[in-house]
Amino acid sequence: MNMKSDLKLHVPKLEEIAFRQFLLADPETMSYNAPWFPPNGCVDFPRELWAGWHRQWINQEPDRFYAYLQRTKDGAWIGEVNFQYSPSDNWWEMGIVILASERGKGYAKEGLRLLLDRAFKTGEVHTLHNSFEVTRDAAYQVHRSLGFQEVGTEDGFVHLVLKREDYLNHK
């Protein structure tokens, strides 16, 4: 499968936010989140929060960016990506979530690459940061394969950063 042509970023309209609700409510997808949102990691995202969330996240670059990962062959949404500026750290925190049913198909690497291209080639982002449990080896390998550098571990979390110039030179 040629992953370069199989995914694209889709910035959701307000009426499309139901997918985010579905993603956050899927116990298998959100299981990594269980230590912070017991018992299964799911996050409640009721309809009455959608409009405010949408205003906060959509069309807010460079401070924030959010998009679905959309499979081009059938239009299915298979995950989400985002970044947001952290003034205290002078970097952008980023995230990526792939539906559990779509994991293991190469989508995380392609989705992360799409996010990096958006942040570094079209935006004002100079540094992206991500952190996750040290036990998530697949996530670690995907980040490292795209140029992220480990800057430390703390309380069972690995911290990774990628600077714009390093990403553009890594390609």
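Our structure's up above, just so we're on the same page.
The text that follows walks through the structure, step by step, so that each part is easy to find.

Regarding the overall build of the protein
Here is step 1: Each helix and strand in the protein was counted, giving six helices and seven strands.
Here is step 2: What you see in the protein, going N to C, is helices and strands ordered as β-α-α-α-β-β-β-α-β-α-β-β-α.
Here is step 3: Its C-alpha atoms give the protein a radius of gyration of 16 Å, within 12% of the compact-globule value 16 Å for 171 residues.
Here is step 4: Once the C-alpha set of the protein is aligned to its principal axes, its extents read approximately 40 × 40 × 35 Å.
Here is step 5: Out of the 171 residues belonging to the protein, those deemed buried represent 44%.
Here is step 6: Pairs at least 24 residues apart make up 58% of the contacts formed inside the protein by residues separated by at least 6 positions.

Topic: the sheet that holds strand β3 (residues 77–86)
Pairing between the strands of a sheet comes from backbone hydrogen bonds, and it takes one of two forms, parallel or antiparallel.
Here is step 1: Read from one edge to the other, the open sheet built from seven strands follows the order β1-β2-β3-β4-β5-β7-β6, with strand pairing classed as mixed. For this open sheet the edge positions go to β1 (7–10) and β6 (149–154), each flanked by a neighbour on one side alone. Along the sheet, successive strands turn relative to each other by an average axial angle of 25 degrees, direction set aside.
Here is step 2: As defined by bridge partners, β6 adjoins strand β7 (residues 157–163) across five bridges and the pair is classed as antiparallel. Considered in β7, the bridge of glutamate 150 is made with leucine 160.
Here is step 3: On top of the sheet, helix α1 (residues 18–25) reaches β2 (64–71), β3 and β4 (91–98); it is set at about 95 degrees to β3, its chief contact.

Focus: the pairing of β7
Here is step 1: Bridging between strand β5 (residues 127–133) and β7 involves seven bridges; their strand directions are antiparallel. Bridge pairing in β7 places phenylalanine 132 opposite valine 158.
Here is step 2: Between β6 and the antiparallel strand that follows it, β7, lie two residues; aspartate 155 among them carries a positive phi value of about 50 degrees.

Remarks on the nonpolar core
Here is step 1: Residues Phe83, Leu112, Leu116, Phe120, Leu128 and Phe148 are the most contacted members of the largest nonpolar core, which totals 28 residues.
Here is step 2: By residue number, the principal contributor to this core is helix α4 (residues 107–121), which donates seven residues.
Here is step 3: The residues touching phenylalanine 120, leaving out its near neighbours within four places in the chain, are Val125, His126, Thr127, Leu128, Leu162, Lys163, Arg164 and Tyr167.

A closer look at the packing of aromatic side chains
Geometry of an aromatic ring pair is reported as the spacing of the ring centres plus the angle between the planes.
Here is step 1: For the coordinates displayed, the defined rule picks out 13 aromatic pairs.
Here is step 2: Arranged with centres 4.9 Å apart and planes meeting at 80 degrees, the rings of phenylalanine 19 and tyrosine 68 form a pair that is edge-to-face. In this pair, phenylalanine 19 sits in helix α1 while tyrosine 68 sits in strand β2, placing the two residues 49 residues apart along the sequence. By the burial criterion, phenylalanine 19 is buried, and tyrosine 68 matches it.
Here is step 3: Arranged with centres 5.6 Å apart and planes meeting at 55 degrees, the rings of tryptophan 36 and phenylalanine 157 form a pair that is tilted. Linking tryptophan 36 in the loop between α2 (27–30) and α3 (50–57) with phenylalanine 157 in strand β7, this pair joins segments that are 121 residues apart in sequence.
Here is step 4: The ring of phenylalanine 45 has arginine 20 sitting right over it, with the charged end atom 5.1 Å from the ring centre.
Here is step 5: Against the face of tyrosine 32 rests arginine 136, its NZ or CZ located 4.9 Å from the ring centre.

Focus: the side chain of glutamate 110
Here is step 1: Topologically, glutamate 110 is positioned in helix α4.
Here is step 2: A distance of 2.4 Å separates the side chain of glutamate 110 from the side chain of arginine 113, its partner in a polar contact.

Some thoughts on α1
Here is step 1: Among all positions in α1, only Phe19, Arg20, Leu23 and Leu24 are buried. Projected down its long axis, α1 shows its buried positions confined to an angular sector of 130 degrees, all on one face.
Here is step 2: Buried positions along α1 lie against α2, α3, β2, β3 and β4.

What counts and what doesn't
Residues numbered from 1 in each chain as written. Predicted model: local features only at pLDDT ≥ 70, side-chain atom pairs only at ≥ 80, totals over all residues. Heavy atoms only, no water. Helix = DSSP H or I, 4+ residues; strand = E, 2+ residues; numbered from the N terminus. Rg over C-alpha atoms; globule rule 2.2 N^0.38 Å. Buried < 20%, exposed > 50% of the residue type's maximum accessible area, 1.4 Å probe, protein only. Contact = heavy atoms within 4.5 Å. Pairing = 2+ DSSP bridges. Axes fitted to C-alpha atoms, helices over the stretch in contact; angles between N-to-C directions. Core = buried A, V, L, I, M, F, W, Y, C linked by side-chain atoms within 4.5 Å. Phe/Tyr/Trp six-rings, centres within 6.5 Å; stacked < 30°, edge-to-face > 60°. Lys NZ or Arg CZ within 6 Å of the ring centre and 35° of its normal. Polar contact = N/O pair within 3.5 Å; in protein donor to acceptor, adjacent residues only side chain to side chain. Arc of directions from axis to C-beta.

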